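Tertiary structure, described
This is what each chain is made of:
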Amino acid sequence: MTPFHRSNKSSSMSFLSSNGYTDYDEFSISHPFAIVFRYGGTVWPLVLPYCILNVAILTLITILQNKFDMKLSILPQGHALMSLLIAYLGVSKVTLAYERYMDAQIATGHGLMILRELNQLALTLSENFDGDQADEWRATTHQSIVQLIQETVATLRDGRHAAVLARNVGRLPYQSNGGATSITGLDDPMVLVHALRSHLYHDSLTLSNHTEVQLQLLERCKMVDLLHEFTMSYRNLLRIASTPLPFALVQMGRTFIFIWVVTIPFVLSGGDFLQQYPSAFSFVILLTYGFLGLEFVSRMLSNPFGDEIKNDLNIKGMGAAAIIGIENDSKCWKEEYDRKKRTHSTRSDGRGLSSISTSPGGGLRDIIQSRQESIRLSGRFVRLDSANDNASSSDMPYIAMGEEGMIHA
């Protein structure tokens, strides 16, 4: 059974041991509390020392009260009022951090998908151009896109370098003698974007030796527009990677929450504490875990490109997946292009351009059939028809697909 296999019996947790990550289904019904008892990837390793500290403080207060009749406590009303401010600061920081995290996820996925679409569009528009010049243009485009993905990932994972590129913070002066501290355009992905933009717009005119057979202006502008969409995503990613949460907010929140958490034992030691030992110790642990846990969660989410692999965006894996997809696109296109050249008759138009005559949809029909068979064999096939669905066909907002894979109304 593959990790993506769908079956009637839902699995609560699926373990992907190949890369060390553990995937879970947070909406599982069969084991709803499985995630509660997980330890890896949680904030428990960070919060547990503070829980132990507060339990030790409460134990010390208990010994002082029982042995030496010393009562150490603070005003509960003041601590309760302070908790209102703590709750507001904690929720505000978590909300801001979560928004940053989701913005980074959306911008990363959009930017990488745009680059893959750009590679596909370059292959499609240049498909009718044959020869060494066209092959070199396609290869250079492919290599530039892959290099751009690698540089983007490297920049986002280095917050200091991102700050240099975004706000000129910490930049060392440029040295023309080529010293170790020289800062050049080789470390800026936007320089590569500029070179790729020129390559797509101007170098695409060299796909053929005949100037009357070239890519049209709108076709070249479409590729440039896709690259512009990537720059918009990269700008948002650079903003997130280079701009942390406001220092005043972070400092104020951590100061108040540390004081509030450390003074929890002094509040619970008053009143009927001597008669409620188990309850007091339980609440010390739960309150420490809850408030400090939110603080650590906000710290993790505020830096989505950091090194905390279990909680941060796996931008390295996302970049690798995009490169693999681009490689597969180019490989499949090359195989289909070579197949057309071998199996179909070609005619020369006298200008060095080979026009491959194919039946309408013939190549695509072959691809669909091979992909249908591949999906069936892989176990990822999902039957989309109304026979096994509880809803009536009139209520289904989509077109049903029969067993043979042909779409019908």
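Note that the coordinates shown come from a computational prediction; the quantities given were computed from them, not determined experimentally.

Within the chain, the regular secondary structure consists of 11 helices and 4 strands. Accessible surface, the chain as shown: approximately 25,400 Å² in total, 60% of it carbon and sulfur.

In this section: the environment of Arg138. Note that Arg138 resides in helix H3 (residues 132-157). Residue Arg138 is classed as buried on the basis of its relative accessible area of 7%.

This part is about the confidence of the model for the chain. Any region with low pLDDT has predicted coordinates that should not be read closely. Across the chain, the average pLDDT comes to 76, with 72% of residues at 70 or higher. Long-range and interchain partners of residues 1-22, a stretch whose pLDDT sits below 50, account for 26 contacts in this model, where long-range means more than four residues apart. Across residues 345-358, confidence stays below pLDDT 50; counting only partners more than four residues off in sequence or on other chains, it has 27 contacts.

As a further point, take the pattern of salt bridges. Taken as a whole and assessed by the stated rule, the structure comprises 5 salt bridges. A salt bridge links Asp329 to Arg116, with the shortest nitrogen-to-oxygen separation between them at 2.7 Å. Here Asp329 is found in helix H10 (residues 315-343), whereas its partner Arg116 is found in helix H2 (residues 76-125), with 213 residues between them in sequence. Judged by relative accessible area, which is 14%, Asp329 ranks as buried. A salt bridge links Asp135 to Arg138, with the nearest nitrogen and oxygen atoms 2.7 Å apart.

Packed helices, taken two at a time, are described by their axes: the angle between them and the distance between them. Where helix H1 (residues 44-67) contacts helix H9 (residues 277-301), the axes come no closer than 9 Å and their chain directions differ by 150°. It follows that H1 is roughly antiparallel to H9 by the angle criterion. Taken as a pair, H1 and H9 cross one another with a handedness that is right-handed. Contacts from Trp44, Leu46, Val47, Tyr50, Cys51, Asn54, Val55, Leu58, Thr59, Thr62 and Asn66 of H1 reach H9 at Tyr277, Ala280, Phe281, Val284, Ile285, Thr288, Tyr289, Leu292, Gly293, Phe296, Arg299 and Met300. Residue composition of the contact of H1 with H9, grouped by class: 16 nonpolar, 6 polar and 1 charged.

Quick look at H9 now. Counted at 1.5 Å a residue, the expected span for H9 with its 25 residues is 36 Å, and the 36 Å between its end C-alpha atoms agrees. Of the residues making up H9, those classed as buried are Ala280, Val284, Thr288, Leu292, Gly293, Glu295, Phe296, Ser298, Met300 and Leu301. Considering only its buried residues, H9 is in contact with H1, H2, helix H7 (247-262) and helix H8 (264-268).

It is worth spelling out the packing of H3 against helix H5 (residues 189-201) at this point. Contact pair H3 / H5: the axes reach a minimum separation of 10 Å and the direction vectors enclose 160°. With respect to H5, the element H3 is oriented roughly antiparallel. Helix-helix and strand crossings are classified by hand; for H3 and H5 the assignment is left-handed. Between H3, through Trp137, Thr140, Thr141, Ser144, Ile145, Gln147, Leu148, Glu151, Thr152 and Thr155, and H5, the contact on the second element is made entirely by Pro189, Leu192, Val193, Leu196, His199 and Leu200. Each residue belonging to the contact of H3 with H5 can be placed in one class, and the counts come to 8 nonpolar, 7 polar and 1 charged.

With that settled, the discussion passes to the environment of Glu151. Tracing the backbone shows Glu151 in helix H3. Separated by 35 residues in the primary sequence, Glu151 and Leu186 have C-alpha atoms spaced 9.6 Å apart. With residues near it in sequence (within four places) discarded, Glu151 still touches Leu186, Asp188, Pro189 and Leu192.

Attention shifts here to H5. Helix length check: H5, at 13 residues, gives a terminal C-alpha distance of 18 Å against a target of 18 Å (1.5 Å per residue), a fit within 8%. Inspection of H5 places Pro189, Leu192, Val193, Leu196, His199 and Leu200 among the buried residues, and these make up the whole buried set. All buried residues of H5 project into a common sector of 125° when viewed along the axis, lining one side. Capping the start of H5 is the job of one residue whose side-chain oxygen sits 3.1 Å from the backbone nitrogen of Met190: Asp188.

Moving on: the nonpolar core. Core analysis: the biggest nonpolar cluster contains 45 residues, and Leu118, Leu148, Ile149, Met223, Leu227 and Phe305 have the highest contact counts within it. Of all the secondary-structure elements, those providing two or more residues to this core are H2, H3, helix H4 (159-167), H5, helix H6 (217-242) and H10. In terms of residue count, the dominant contributor to this core is H2 (11 residues). Those residues in contact with Leu148 that lie beyond four places of it in its chain are Leu115, Pro189, Leu192, Val193, Leu196, Leu227 and Phe230.

Another point: the packing of aromatic side chains. Scanning the entire structure with this criterion turns up 5 aromatic pairs. Ring geometry for Tyr50 versus Phe296: centroids 6.1 Å apart, planes at 45°, classification tilted. Of this pair, Tyr50 sits in helix H1 while Phe296 sits in helix H9; the two residues are 246 residues apart in sequence, bridging distant segments of the chain. For Tyr50, a relative accessible area of 32% corresponds to the partly exposed category. Phe296 gets classed as buried once you look at its relative accessible area, which sits at 10%.

What counts and how
Residues numbered from 1 in each chain as written. Predicted model: local features only at pLDDT ≥ 70, side-chain atom pairs only at ≥ 80, totals over all residues. Heavy atoms only, no water. Helix = DSSP H or I, 4+ residues; strand = E, 2+ residues; numbered from the N terminus. Areas by Shrake-Rupley, 256 points an atom, 1.4 Å probe, with all protein chains shown as cover. Buried < 20%, exposed > 50% of the residue type's maximum accessible area, 1.4 Å probe, protein only. pLDDT = per-residue confidence, 0-100. Contact = heavy atoms within 4.5 Å. Salt bridge = Lys/Arg side-chain N within 4 Å of Asp/Glu carboxyl O. Axes fitted to C-alpha atoms, helices over the stretch in contact; angles between N-to-C directions. Parallel < 35°, antiparallel > 145°, perpendicular 65-115°, else oblique. Left-handed = near helix turned anticlockwise from the far one by under 90°. Nonpolar A, V, L, I, M, F, W, Y, C, P; charged D, E, K, R; others polar. Expected span 1.5 Å × (residues − 1). Arc of directions from axis to C-beta. Polar contact = N/O pair within 3.5 Å; in protein donor to acceptor, adjacent residues only side chain to side chain. Core = buried A, V, L, I, M, F, W, Y, C linked by side-chain atoms within 4.5 Å. Phe/Tyr/Trp six-rings, centres within 6.5 Å; stacked < 30°, edge-to-face > 60°.

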